[in-house]
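Analysis of the macromolecular model
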Amino acid sequence: MIEVVERFLRYVKYNTRSDAHTGMQPSTPGQLEFSQTLKEEMVEVGLEDVTLDENGYLMGFLSSNLDSEVLTIGFIAHVDTFPEMSGKHVIPKVVENYRGGNIVLNEEENIVLSPERSPELLKYIGQDIITTSGKTLLGADDKAGVAEIMTAMAYLKKHPEIKHGRIAVCFTPDEEIGEGTTHFDLKKFGATFAFTVDGSELGELEYENFNAARAKITFKGINFHPGYAKNKMVNSIWVAHEFLAALPKHSTPETTSGNEGFYHVTSIKGGVESTEMEVLIREFDKENFERRKNVIQNGVRDFSKKYDLLIDLEMKDQYYNMRERIEPVQYIIEIAKQAMVACGVKPQIQPIRGGTDGAHLSYMGLPTPNIFTGAHNLHGRYEYIPIPSMEKAVEVIVKIAELSVEKLHK
Ligand SMILES: [Zn+2]
């Protein structure tokens, strides 16, 4: 069996589901156990200065095979899997030569991967596809990225005729709970730019993501005996309800796509005296992002005046659109595009309707766009990955390393 598949099938057996509630990093012991194995593998492959720190960041370096000194580039993937779906006892299934039509994942419970619900399946007719057994997720997000990077490094080591500079590799913990870069040691990593290998469909290349903020709004009401409350009671539930109704209804996750931003009310709870609401704000454009935040701020001010009420607002920026940090170094995108074309892959540049570790890293000073792993239907039991897409990802990583050389001379 080809190397990247062999690695991947081994990796998915580790339960590395992360957990936002343990307060530790890594958040679960399974991640550390997996990274320990990866550490040994990195050494076997021939990476140098391999270290696994106490927070679960595994780093290793492939030395340059050039005569002249060049700067370092990096590749990053995360070892954890999505917390809201089981990643325990993953039993991957290889569907050989997919013929089209339904793939039965679990006969007993009639769990079926169908082109009806996943129409992009039909692009992979004739290919070998790895699926789940219907009970768990697959974990291609992001163990496919890990397997692809590891295989690419092994390939470069075995093919010294391919010239490349120094390459830094980092496998991170807890990406799925938003902590993937919390203890990332940029200095040790030492790269001029990097790629996360954490995308989806073949050809994906992403360097734009949402600007994001979270608002927690607490409406303080005034309570009286309901029989004697006329002109006295202010019911915070009603005020919160009115506030919510005043937000634009055409601007929610369920009514937007592409380049459109939204408000997303994620929770509302309370009683007469106090009602707490949480709203997420997402927007690609920086100015519109500020405008959306102002809508919340002004709303709080106006409602507070109208009802002569205390309304508490806590608003915090979560992450920013990395485009701003990538545009000045657009040559990175050109390298990735050229690499894909050279490997016969059509680049698909699109904005991410979310955030990535790359966005954080870009703002920390390491420009980090994202490229595909080849996987589909991430985060659930219908997750699958066509084997040829994985092979292409390996080729593209190798090609990026090769094409980066001329841009990186010191
Ligand atoms: Zn991921």
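Our structure is the block above this text.
Right, let's walk through the structure included here. All figures in this text were calculated on a predicted structure; none of them were measured in a lab.

So, the packing of helix α2 (residues 29–45) against helix α3 (residues 140–158)
- Relative orientation of the contacting elements α2 and α3 amounts to 15°, with a least axis distance of 10 Å. By the criterion of interaxial angle, the relationship of α2 to α3 is roughly parallel. For the crossing formed where α2 meets α3, the hand is right-handed. Where α2 abuts α3, its residues Phe-34, Leu-38, Glu-41, Met-42 and Val-45 lie against Lys-143, Val-146, Met-150, Met-153, Ala-154 and Lys-157.

Some thoughts on the environment of Tyr-228
- Inspection of the secondary structure puts Tyr-228 in the loop between β11 (211–220) and α5 (236–246).
- By relative accessible area, which is 62% here, Tyr-228 ends up exposed.
- Considering only alpha carbons, one finds Tyr-228 and Phe-243, 15 residues apart in sequence, at a separation of 26 Å.

Side note on the nonpolar core
- Membership of the largest hydrophobic core comes to 67 residues, with the highest contact counts inside it found for Phe-8, Phe-75, Met-153, Phe-171 and Ile-400.
- The element best represented in this core is α3, accounting for ten residues.
- Those residues within four positions of Phe-171 in sequence are excluded, and the remaining contacts are Leu-38, Met-42, Gly-56, Tyr-57, Leu-58, Ala-77, Val-79, Val-146, Ile-149 and Met-150.
- One finds Phe-219, Phe-243, Ile-281 and Phe-303 within the second-largest nonpolar core, a separate group that totals 19 residues.

Comments concerning the sheet that holds strand β14 (residues 311–319)
- Taking strand neighbours across the sheet as the criterion, the four strands line up as β12-β13-β11-β14 in an open arrangement whose pairing is antiparallel. With partners counted over all chains shown, the strands left at the sheet margins are β12 (262–270) and β14, one partner each. The sheet shows a mean angle of 15° between the axes of neighbouring strands, taken without regard to direction.
- Where β12 lies against strand β13 (residues 274–283), eight bridges are found, and the strand directions are antiparallel. Looking across to β13, one finds that Ile-268 is bridged to Met-277.

Here's the deal with the coordination of the zinc ion
- Those protein atoms acting as donors to the zinc ion are His-78 (NE2), Asp-141 (OD), Asp-198 (OD) and Asp-198 (OD), and they sit at 1.9 to 2.8 Å.
- The coordination sphere of the zinc ion comprises four donor atoms, whose angles at the metal cover 51 to 142°; the geometry is irregular.
- Donor residues for the zinc ion, ordered by position in the chain, follow H-x62-D-x56-D. You can see Asp-141 sitting in helix α3 and its partner Asp-198 sitting in the loop between β9 (191–197) and β10 (204–206), a full 57 residues away along the chain. Taken individually, Asp-141 and Asp-198 each receive the classification buried, so the pair is uniform in this respect.

Some details on the pattern of salt bridges
- Summed over all chains, the structure comprises 20 salt bridges.
- The partner of Glu-208 in a salt bridge is Arg-323, and the shortest N-O contact between them spans 2.9 Å. Of the two residues, Glu-208 sits in the loop between β10 and β11 while Arg-323 sits in helix α7 (residues 323–326), which places them 115 residues apart along the sequence.
- Judged by relative accessible area, which is 14%, Glu-208 ranks as buried.
- The salt bridge involving Glu-283 is made with Arg-292; its shortest N-O contact spans 2.7 Å. The same class applies to Glu-283 as to Arg-292, namely buried.
- Because the salt bridges share partners, they merge into one network encompassing Glu-3, Glu-6, Arg-7, Arg-10, Glu-41 and Lys-158.

Rules behind the numbers
Residues numbered from 1 in each chain as written. Predicted model: local features only at pLDDT ≥ 70, side-chain atom pairs only at ≥ 80, totals over all residues. Heavy atoms only, no water. Axes fitted to C-alpha atoms, helices over the stretch in contact; angles between N-to-C directions. Helix = DSSP H or I, 4+ residues; strand = E, 2+ residues; numbered from the N terminus. Parallel < 35°, antiparallel > 145°, perpendicular 65-115°, else oblique. Left-handed = near helix turned anticlockwise from the far one by under 90°. Contact = heavy atoms within 4.5 Å. Buried < 20%, exposed > 50% of the residue type's maximum accessible area, 1.4 Å probe, protein only. Core = buried A, V, L, I, M, F, W, Y, C linked by side-chain atoms within 4.5 Å. Pairing = 2+ DSSP bridges. Donors = N, O, S within 2.8 Å, 3.2 Å for Na, K, Ca; no water. Tetrahedral: all angles 85-135°; square planar, octahedral: opposite > 155°, others 65-115°. Salt bridge = Lys/Arg side-chain N within 4 Å of Asp/Glu carboxyl O.

Purely geometric numbers; function is a separate question.
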